[in-house]
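Summary of structural features
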Amino acid sequence: MAQMRKGWNADNPEDLAEMLRDWRRYAGLNAQEAGEWLGLSARTIEGIEQGRGFGAPRVLAWALVGLRGKSGIGPK
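Note that the structure is predicted; figures quoted are calculated from it, not measured.

**Concerning the environment of R52**
Structurally, R52 is set in the loop between α3 (42-49) and α4 (57-69). By relative accessible area, R52 is classed as exposed at 60%. Taking the C-alpha atoms as reference points, R52 and A17, 35 residues apart in sequence, are found 8.3 Å from one another. A polar contact is formed between the side chain of R52 and the side chain of Q50, at a distance of 2.5 Å.

Put into structure tokens, the structure is as follows:
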């Protein structure tokens, strides 16, 4: 199970939404910018953050974990 912090479950749409929102805040990105980093549209980012889920939640969660550690994707 892909997790960013203890207790988060990427397969749960509400947890995935929280993971993505927290990552965007950490990175200082808006939905459009986050979508560019993740290869998704701003609309898809917004839908995930509203709890609509995502077809590959574990892949997205691991991408967030990896990008958080990548230089240049940190707090601004």
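Moving on from the coordinates now.
**With respect to the packing of helix α1 (residues 13-27) against helix α2 (residues 31-38)**
Axis separation between α1 and α2 bottoms out at 11 Å; the angle between their running directions is 100°. Looking at the two axes, α1 sits roughly perpendicular to α2. Contacts between α1 and α2 involve L20, W23 and R24 on the former and, on the latter, A31, A34, W37 and L38. Split into classes, the residues belonging to the contact of α1 with α2 amount to 6 nonpolar, no polar and 1 charged.

**Considering the nonpolar core**
Of all hydrophobic cores here, the largest spans 18 residues; its most connected members are M19, L20, W23, L38, I45, L60 and L64. Every element with two or more residues in this core is listed here: α1, α2, α3 and α4. Ranked by residues supplied to this core, first place goes to α1 with 5 residues. Ignoring any residue separated from it by four or fewer positions in sequence, one finds L38 in contact with L20, W23, I45, L60, A63, L64 and L67.

**Considerations on the pattern of salt bridges**
Taken as a whole and assessed by the stated rule, the structure comprises 3 salt bridges. With a closest N to O distance of 2.5 Å, R24 and E49 form a salt bridge. Here R24, found in helix α1, pairs with E49, found in helix α3; they are 25 residues apart in sequence, far enough to count as distant. Assigned by exposure class, R24 and E49 land together as buried.

Rules and cut-offs
- Residues numbered from 1 in each chain as written.
- Predicted model: local features only at pLDDT ≥ 70, side-chain atom pairs only at ≥ 80, totals over all residues.
- Heavy atoms only, no water.
- Helix = DSSP H or I, 4+ residues; strand = E, 2+ residues; numbered from the N terminus.
- Buried < 20%, exposed > 50% of the residue type's maximum accessible area, 1.4 Å probe, protein only.
- Polar contact = N/O pair within 3.5 Å; in protein donor to acceptor, adjacent residues only side chain to side chain.
- Axes fitted to C-alpha atoms, helices over the stretch in contact; angles between N-to-C directions.
- Parallel < 35°, antiparallel > 145°, perpendicular 65-115°, else oblique.
- Contact = heavy atoms within 4.5 Å.
- Nonpolar A, V, L, I, M, F, W, Y, C, P; charged D, E, K, R; others polar.
- Core = buried A, V, L, I, M, F, W, Y, C linked by side-chain atoms within 4.5 Å.
- Salt bridge = Lys/Arg side-chain N within 4 Å of Asp/Glu carboxyl O.

That is the geometry; function is a separate question.
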